[in-house]
Amino acid sequence: MIRFATNNDISSIISLWQEAFGDSAEEIKFFLDKKFKPENTLVYEECGEIASMLFLLEGEMCISGKDYPSYYLYAACTSQKYRGRGIMSALLKAAEKTASNRNIRYICLLPAEDSLYDYYARFGYRAVFSKRILTISVDEIAENTEFDFDTATVSDLEELRESAFKDIDRFKWNNNDINFAFEHTEMYGGHRFVACNGYSLYSANEHKAHVKECAFTYKNLIKIAAFLIKKHGVNEVVFSLPFYPECPIGKTEIKNSGMLLPIDYEAENLIHNIKNAYLGLTLD
């Protein structure tokens, strides 16, 4: 039976999440405390047990400067013993019906593995999101390159993100979502910095920094790489970026970074106008 979740399902949701993704109970509870809405959580129940689930997080899809109410489909999973029975297929169809009933125009998602792009395509999802992976090494940075920035308040995050990506077709996150991503990044040992003209979320080890979102304009990338190399003593910085023009230095690679399902006829027509859309924060 497919139904919406209730607060009584939380312990079962945590158990299924741990089985599927291996996260700690603390990490899962953090998500549930911040983002769980029973009316936006679909579960498949069998014999009193939650066999499968998915979450619909609220957002907007911006296409050619116009916003459309959308969902981001997150943490879709099925318990191992119930797999191969079409349960997730049924949940995906229920999610589409829910979106249609609520006048939601799109559902987007990020497949957990590249092999799943073909799976989701069977349900009408299109690979419209892309990202540029840019790797800049310490040898490519001039010694005198500096990045000075003035700090900004956390309340400015949505404005900073929109300023950086305003000319790009994109999935739009609000301040609550970006704050969640900030806290989530730090929970997993990551870092952040916020400036008056942008913000960055990243992780770093002794050799490399991985920037999961860089909400600065394109012209700042080299300076940000220099800043991270100096701050953390790493040999290279790997940026996950929108489909910007190529950087004058570094190695670049283009990858798929998400899929979009149009819910109605107009949304179907508009999807043909999307060019290299940016998903960015995926809350993972």
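Bear in mind that the values here come from a model prediction, so they are computed numbers and not experimental data. (Residues numbered from 1 in each chain as written. Predicted model: local features only at pLDDT ≥ 70, side-chain atom pairs only at ≥ 80, totals over all residues. Heavy atoms only, no water.)

**Quick notes on the environment of Phe 182**
- Inspection of the secondary structure puts Phe 182 in helix H6 (residues 175–187).
- Each C-alpha atom of the pair Phe 182 and Leu 281 lies 10.0 Å from the other, and the pair is 99 residues apart in sequence.
- Setting aside residues no more than four positions away along its own chain, Phe 182 makes contact with Leu 157, Arg 192, Val 194, Tyr 199 and Leu 201. (Helix = DSSP H or I, 4+ residues; strand = E, 2+ residues; numbered from the N terminus. Contact = heavy atoms within 4.5 Å.)

**As for the nonpolar core**
- Ranked by internal contacts, the top residues of the largest apolar core, which has 76 residues, are Phe 55 and Phe 239.
- For this core, the element with the most residues is helix H7 (residues 221–232), which contributes seven residues.
- Ignoring any residue separated from it by four or fewer positions in sequence, one finds Phe 55 in contact with Ile 13, Trp 17, Phe 31, Leu 32, Phe 36, Asn 40, Thr 41, Tyr 72, Leu 73, Tyr 74 and Ala 75.
- Judged by nonpolar contacts, the second largest core, of 25 residues, contains Leu 91, Ala 95, Ala 99 and Met 259. (Core = buried A, V, L, I, M, F, W, Y, C linked by side-chain atoms within 4.5 Å. Buried < 20%, exposed > 50% of the residue type's maximum accessible area, 1.4 Å probe, protein only.)

**Overview of the packing of aromatic side chains**
- With the rule as written, the count across this model stands at 21 aromatic pairs.
- Summarising the aromatic geometry, the rings of Phe 30 and Phe 180 are spaced 5.1 Å apart at their centres and angled 15° between planes, so their arrangement reads as stacked. Placement of Phe 30 in helix H2 (residues 25–35) and of Phe 180 in helix H6 is noted, with a sequence separation of 150 residues between them.
- Its relative accessible area of 2% is what places Phe 180 among the buried residues.
- Geometrically, the ring pair formed by Tyr 119 and Phe 123 is edge-to-face, given 5.2 Å between the ring centres and 65° between the ring planes.
- For Phe 123, a relative accessible area of 15% corresponds to the buried category. (Phe/Tyr/Trp six-rings, centres within 6.5 Å; stacked < 30°, edge-to-face > 60°.)

**Here's the deal with the state of the cysteines**
- Applying the stated criterion across every chain yields a total of zero disulfides.
- Not part of a disulfide, Cys 108 finds its nearest cysteine sulfur in Cys 62, a span of 13 Å.
- In this structure Cys 196 is a free cysteine whose sulfur lies 14 Å from that of Cys 214, the closest cysteine sulfur available.
- Residue classification places Cys 196 among the partly exposed residues on the basis of a relative accessible area of 49%. (Disulfide = S-S within 2.5 Å.)

**With respect to helix H1 (residues 10–21)**
- Between its first and last C-alpha, H1 extends 16 Å over 12 residues, near the 16 Å set by a 1.5 Å rise per residue.
- Those residues of H1 that sit buried are Ile 13, Ile 14, Leu 16 and Trp 17.
- Where H1 is buried, its residues meet H2, strand E3 (49–63) and strand E4 (66–78).
- Backbone geometry just downstream of H1 places Gly 22 in the positive-phi region, at approximately 80°. (Expected span 1.5 Å × (residues − 1).)

**Considering the environment of Tyr 72**
- Assignment of secondary structure puts Tyr 72 in strand E4.
- Taking the relative accessible area as the measure of exposure, Tyr 72 reaches 3% and is therefore buried.
- Distance from Tyr 72 to Tyr 106, taken between C-alpha atoms, is 8.6 Å for residues 34 residues apart in sequence.
- The residues touching Tyr 72, leaving out its near neighbours within four places in the chain, are Phe 55, Leu 56, Leu 57, Cys 108, Leu 109, Leu 110, Phe 171, Trp 173, Leu 279 and Thr 282.
- At a separation of 3.2 Å, a polar atom in the side chain of Tyr 72 contacts the main-chain carbonyl oxygen of Thr 282. (Polar contact = N/O pair within 3.5 Å; in protein donor to acceptor, adjacent residues only side chain to side chain.)

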